[in-house]
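# Inside the fold
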Amino acid sequence: MNLAESYVSVNYSLRPCKQVERRMILHTLQLLSETMFPISEYTYIGFGSIFFYDFIMLHKLLGLNNLVSVENDTSIEKRVHYNRPFAGIDMVIDDYSAVIPNISRDKKYLIWLDYDNRLLAEHLQQIIDTSFHLSVGSILLITIDIEPPKKQDDQTKVTGPADWMEYYKEQGGKLFNRGWSVKDFNQSKLIDRNFDLVYAAINEGLSPRDEVDLSPLFYIHYADGHRMLTIGGMVTGNSEARKLTAVDFSHLPHICRDYRDGPYPIRVPVLTTKERLLLDSKMPCADDYVPDEFEIRAEDIRAYREVYRYFPSYAEILI
Amino acid sequence: MTKKIDNSANALPSKRFFVNLITRDITLEHSVLDLIDNAIDSMIRTYGVDLKDNKAVFRGSYEYTDPPKANFKATINISVSSDEFTISDNCGGIDPQLAKLSVFRFGPESERRGATLGVYGIGLKRAIFKLGKTISIESVTTQGGFRVEFDAVKWLDREKKVEDWVFPYEEIDGVSTREEAGTTIRIVNLRPDSKMRIEAPTFINDLYDTIARTYPFFLNQLIQVKLNGAEVQSEPMVIGTSDNIEPAVRHFSRDNVDVFIAAAITSVKPSKTKDAGWYIVCNGRVVIAANKSELTGWGRGIAAYHQKYSEFLGYVIFSSEDAEALPWTTTKTDINEELPVYQYTRKEMDQVASGVLRVLNKKYPTNTSVDPEGRQMSADAQPTNLGDVAEKDDQPFKYQSLVQSREKTTTTSTFEADKNDLARAKKHLGWPKNTAAYKVVQYAWQYFLQMECQDK
């Protein structure tokens, strides 16, 4: 492990960046629940898989009681049930598309479509349908893998922008902007293209509804291995939009109130416990601060400063 | 004092009635196509484009009796957003006198003029009332220019007098060359239903696809269309032919309409059902694309469409100097089946199609789930321009299969051989006891042929 590359994660299955993201989102929801949005009464729909991290946090730390976990892999039905942390979680072993028609406009939801893989046409359709059904006040988050797509038939073949454009054209269908060309699909532009498609899907679902919009809240980018992107916001009518503008998000730098500002990057540097304790004692530090006690780049310190409040600690417990 | 008797009953038409009538059954996308048609017609009129020769249209080499300057590029710029719709072209403009007298009438202009796309005289009115409330039309030609600007809501409210059936008109300066002449239509305060459709992200992409699908014979040849800055690109209209594939061709005329039918297979590999079927073109505009329904004879004069026909490709090209004689509906997005010329043509289409379907049926003799892509006829087919196909005389579809079936020259026969006989034979030959029986028999056969059956 090359410590100069601070973004190599210690253990991929622990996914520290993702955990930081979860905690940032939770912090945001806590703030919202303190300011006129009854988040604890929302119904949470997520893809819990066998770990259910988000479910545990939302139930314990925010008091959400209506929880639905969707798992489309019928071959692990017993396993997901076995790992369910609370009996209060409704398990749905089916494709998420089956759940969408049951989303009621009379309830408010927090829905996290944590797709965790590359954008597919069916994901975009699910985003359109979900947006159409969500009541105002509801919060929608979408997480996708934005690594360049590999060629279907030959996973080892090196591909380039022309192939990537073909992939997104095929998956994007009518949402794919006819004005795009290969130069819009350089690797550096894939974040924007993925955002554009997801955002278009949300607006496609909202557009038939009068005076309903998506107010931005989250636009986060990180890599625990694969580069990932999370896009999120609240479905708002005029009054929710006004309430949201009144909230003071100034001490939450990860909040996005305008997607044009670009995504917020989460970078989790590799640090030992001893190093962390020292750095924590200096937080929040000056921009150019570096400790004398050990070698570390100033930019890594700055990265740490952004996330130190949300930094996960991993401990091994002998049970 | 005698009472003044009013000997008349008000028969003034209701503006709202007309506007509702013409805007109701057309989609927003097709209203936009009507405006594109007008610009194309303007090009045709201004530069004397000869559409009578269909082959020129197919080859994309337009003949002008009064051609524009060498580097002139006819462009239609369309700009759509939830606040504003603008279409602006440099295709020759609308003659201001004509504008004053007839362009804004609810109905066709009295003079018929060449093979045109603007048929019923309502395209412009329909589009502007469908789109929005604040309307501005400006056109400049070498013979002067005009501007018409009005608020649709206020205009619709004023209908008490005959004098209310006008649009406010002002003259503006013309331009010195035809290449600078053109028309700009700008609409703001979009109507709520149009605005809602435009706000959906898929609208623009749908509109792009519709334009690309409708004008393959014109785009990038006669005119260029830009939609929110993106140039609309069309797929060329081609059909598959090769040394061993000859398309079916049929030419005829009826009721003042020239008809050209061509059918063969696609050159696209692998063939896709969504692209298969009949394409119907009227005066260069694609009205029906990839049709597999009863409209074009499937399940009626010919077999119902089946996936094994996914290589079928047929074109029906209707052209006429009298656009009203063509079998399209008032929205130009569908076919008026009632028209005798279409009834007749459909029968011809059936004949032409059956030739191709017969060959496709032979290729896939049983309706099984065998993946047709494994046996594509189109493997040999090269994309051929419809213009070249149109040169051919009437002929049926011909397909020469390249796969030679090999004549089998051997036969298998079996019989029961006595084991003792076999053992004796092996001993006689000095072969091991476990030698396979067939080897013995084979030897015996060859021996017989050689020793007793010599006459070759």
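Scroll up for the structure.
The structure presented is a predicted model; accordingly, all values stated were derived computationally and were not measured.

With that out of the way, let us pick up unusual backbone geometry. Cis geometry is found at the peptide bond from M283(A) to P284(A), where omega equals -5°. Relative to the elements of secondary structure, P284(A) occurs in the loop between α8 (273-282) and α9 (298-307). Phi at F52(A) is positive, roughly 55°, even though this residue is not glycine. Locating F52(A) in the fold gives a position in the loop between β1 (43-46) and α2 (53-62). Although it is not a glycine, N228(B) sits at a positive phi angle of roughly 50°. The class of N228(B) is partly exposed, set by a relative accessible area of 41%.

In this section: the sheet that holds strand β6 (residues 182-190) of chain B. All names here are of chain B. In spatial order, the strands read β5-β4-β3-β6-β2-β1-β7-β8; together these 8 strands make up an open sheet with mixed pairing. Both outer strands of the open sheet, β5 (169-172) and β8 (230-231), are each paired with one neighbouring strand and no more. With 8 bridges joining them, strand β3 (residues 132-141) and strand β4 (residues 144-151) adopt antiparallel strand pairing. Bridge pairing in β4 links T134 to D151. Sheet strands in contact with helix α2 (residues 28-47) are β1 (75-80), β2 (84-89) and β6, and its direction is about 20° off that of β2.

By size, the foremost hydrophobic cluster in this structure holds 112 residues, and its most contacted members are I78(B), F85(B), I211(B), I223(B), W278(B) and F318(B). Per-element tally for this core: the top contributor is α2(B), with 10 residues. Once you skip the residues sitting within four places of it in the chain, I223(B) turns out to touch I40(B), M43(B), A74(B), I76(B), C91(B) and F218(B). In terms of nonpolar packing, the next biggest core, distinct from the first, is built from 55 residues, W112(A), I139(A), I220(A) and Y264(A) among them.

Attention now moves to the pattern of salt bridges. Per the counting criterion, the structure on display carries 33 salt bridges over all chains. Several salt bridges share partner residues, and in doing so they unite D34(B), D37(B), R126(B), R285(B) and K332(B) into one network.

Let us now look at a nonpolar patch on the surface. A cluster of nonpolar side chains, contributed by Y443(B), Y447(B) and M451(B), occupies part of the molecular surface with about 330 Å² of accessible area. Overall, the relative accessible area of 49% leaves M451(B) in the partly exposed class.

All names here are of chain B. Here S253 is to be found in strand β11 (residues 248-254). Overall, the relative accessible area of 54% leaves S253 in the exposed class. Within the local environment of S253, its side chain forms a polar contact with the side chain of D258, the two groups lying 2.6 Å apart.

Residues and elements named next belong to chain B. Axis separation between helix α11 (residues 419-429) and helix α12 (residues 437-452) bottoms out at 10 Å; the angle between their running directions is 70°. Between α11 and α12, the interaxial angle falls into the category roughly perpendicular. In terms of crossing hand, the pair formed by α11 and α12 is left-handed. Contact residues: α11 offers L422, A425, K426 and L429, while α12 offers A437, V440 and Y443.

This part covers the packing of α2(B) against helix α8 (residues 201-214) of chain B. Between two packed helices, both the angle of their axes relative to each other and the distance between the axes serve to describe the pair. Residue and element names in this part refer to chain B. Between α2 and α8, the least distance of the axes is 10 Å, while the angle of their chain directions is 45°. As summarised for this structure, α2 and α8 are arranged oblique, according to the angle between their axes. For α2 against α8, the interelement crossing comes out right-handed. Contacts between α2 and α8 involve L28, E29, H30, V32, L33 and I36 from the first element and F203, D206, L207, T210, I211 and T214 from the second.

All names here are of chain A. This model, assessed by the stated rule, comprises 2 cavities of 30 Å³ or more. Taken as a whole, the largest cavity encloses approximately 90 Å³ of empty space. The wall of the largest cavity is formed by R22, I25, L26, L29, Y44, D54, M57, L58, L110, W112 and L141. Breaking the lining of the largest cavity down by element, the ones donating at least two residues are α1 (16-34), α2 and β4 (109-118). If one sorts the elements of the lining of the largest cavity by residue count, α1 sits on top with 4 residues. Tallied by class, the residues present in the lining of the largest cavity amount to 9 nonpolar, no polar and 2 charged.

In this model, the largest pocket occupies a volume close to 1,500 Å³. Lining of the largest pocket is provided by 39 residues; of these, D209(B), A212(B), E235(B), K274(B) and D275(B) occupy positions nearest its centre. Secondary structure elements with two or more residues in the lining of the largest pocket: α5 (161-172) of chain A together with α8, β8, β14 (285-291) and β15 (312-319) of chain B. No other element matches α8(B), which puts 4 residues into the lining of the largest pocket. For the lining of the largest pocket, a count of residues per class yields 19 nonpolar, 9 polar and 11 charged.

The interface of chain A with chain B comprises 12 residues on the first partner and 10 residues on the second. Regarding the contact of chain A and chain B, the summed buried area is about 960 Å², with carbon and sulfur atoms giving 56% of it. Considering only the surface of chain A that becomes buried against chain B, K174(A), R178(A) and S207(A) emerge as the three largest contributors, covering 60% of it. For the interface between chain A and chain B, the tally reads 3 salt bridges. Measuring nitrogen to oxygen at the nearest pair gives 3.0 Å for the salt bridge that ties D206(B) to K174(A). Our enumeration of links across chain A and chain B arrives at 7 residue pairs in polar contact (both at pLDDT 80 or more). Of the residues contributing to the side of chain A that touches chain B, the split by class is 4 nonpolar, 4 polar and 4 charged.

Parameters and conventions
Residues numbered from 1 in each chain as written. Chains lettered and ligands numbered in written order. Predicted model: local features only at pLDDT ≥ 70, side-chain atom pairs only at ≥ 80, totals over all residues. Heavy atoms only, no water. Helix = DSSP H or I, 4+ residues; strand = E, 2+ residues; numbered from the N terminus. Buried < 20%, exposed > 50% of the residue type's maximum accessible area, 1.4 Å probe, protein only. Pairing = 2+ DSSP bridges. Contact = heavy atoms within 4.5 Å. Axes fitted to C-alpha atoms, helices over the stretch in contact; angles between N-to-C directions. Core = buried A, V, L, I, M, F, W, Y, C linked by side-chain atoms within 4.5 Å. Salt bridge = Lys/Arg side-chain N within 4 Å of Asp/Glu carboxyl O. Patch = residues over 30% accessible without salt bridge, like charges linked within 9 Å, V, L, I, M, F, W, Y side chains within 5 Å. Areas by Shrake-Rupley, 256 points an atom, 1.4 Å probe, with all protein chains shown as cover. Polar contact = N/O pair within 3.5 Å; in protein donor to acceptor, adjacent residues only side chain to side chain. Parallel < 35°, antiparallel > 145°, perpendicular 65-115°, else oblique. Left-handed = near helix turned anticlockwise from the far one by under 90°. 1 Å grid on protein atoms, 1.4 Å probe; cavity = no way out; pocket = protein on both sides within 12 Å on 5 of 7 lines; lining within 4 Å. Points joined across faces, edges and corners; volume = space filled by probe spheres on them. Nonpolar A, V, L, I, M, F, W, Y, C, P; charged D, E, K, R; others polar. Buried area = accessible area lost by both parts, 1.4 Å probe.

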